[in-house]
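Chains, contacts and geometry: an overview
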Amino acid sequence: MTTPSKSSPPTRPTLKPLLTLANTAFASAERIAALNLNTARAVLEDSVAPTKALLGAKDVQEPDLPADPLAQPMVEKAGAHPGSIYEIASQTQEEVSKMFGNPLLKPTRPSPPL
């Protein structure tokens, strides 16, 4: 035997929070994918320029060549990337918390007296 709650189709008020959550998750995933692609592109561009300079040099000891051409831009990008991921994750968490509240911060039952 089926109960009315199992046989009734989902209603718009029931689906709206789920669709909002799905849209927020997809937007966050899209932002992270764009960040990853942009970071990879920037690292590739940063690594190509010094390589071209080295290939175009007549003498490896030329004074206009940087001492460590690849390290600095890549270190900066590597340091900035996790911070950007954290920022996107924090913003997504904040949006979800606004939609549904934060059940982890709300007590589910009263605390026993001490």
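Please refer to the structure placed before this passage.
Values in this document were obtained by computation on a predicted structure and should not be read as measured data.

Conventions we followed
Residues numbered from 1 in each chain as written. Predicted model: local features only at pLDDT ≥ 70, side-chain atom pairs only at ≥ 80, totals over all residues. Heavy atoms only, no water. Helix = DSSP H or I, 4+ residues; strand = E, 2+ residues; numbered from the N terminus. Buried < 20%, exposed > 50% of the residue type's maximum accessible area, 1.4 Å probe, protein only. Contact = heavy atoms within 4.5 Å. Areas by Shrake-Rupley, 256 points an atom, 1.4 Å probe, with all protein chains shown as cover. Salt bridge = Lys/Arg side-chain N within 4 Å of Asp/Glu carboxyl O.

Turning next to the overall build of the protein chain. Per the secondary structure count, the protein chain includes three helices and zero strands. Starting at the N terminus and ending at the C terminus, the protein chain contains elements arranged as α-α-α. Taken across its 114 residues, the protein chain has 10% of its residues classed as buried. Across the protein chain, contacts joining residues at least 24 apart in sequence account for 76% of those joining residues at least 6 apart. Total accessible area on the protein chain stands at roughly 9600 Å², and carbon and sulfur atoms take up 64% of it.

Attention now moves to the pattern of salt bridges. Overall, the coordinates contain one salt bridge when judged by the stated rule. Close ionic contact of Lys98 with Glu94 constitutes a salt bridge, the shortest N to O distance being 3.5 Å. Highlighted residues: Lys98 and Glu94, both in helix 3 (residues 71–100), separated by four residues, approximately one helical turn. Residue Glu94 is classed as partly exposed on the basis of its relative accessible area, which comes to 46%.

Looking at the element boundaries, Met74 is found in helix 3. When its relative accessible area of 30% is taken as the criterion, Met74 is described as partly exposed. Through-space distance from the C-alpha of Met74 to that of Ala42 is 8.9 Å; in sequence the pair is 32 residues apart.

A few words now on the side chain of Thr92. Structurally, the position occupied by Thr92 is in helix 3. When residues no more than four places from it in sequence are discounted, the contact partners of Thr92 are Thr24 and Ser28.

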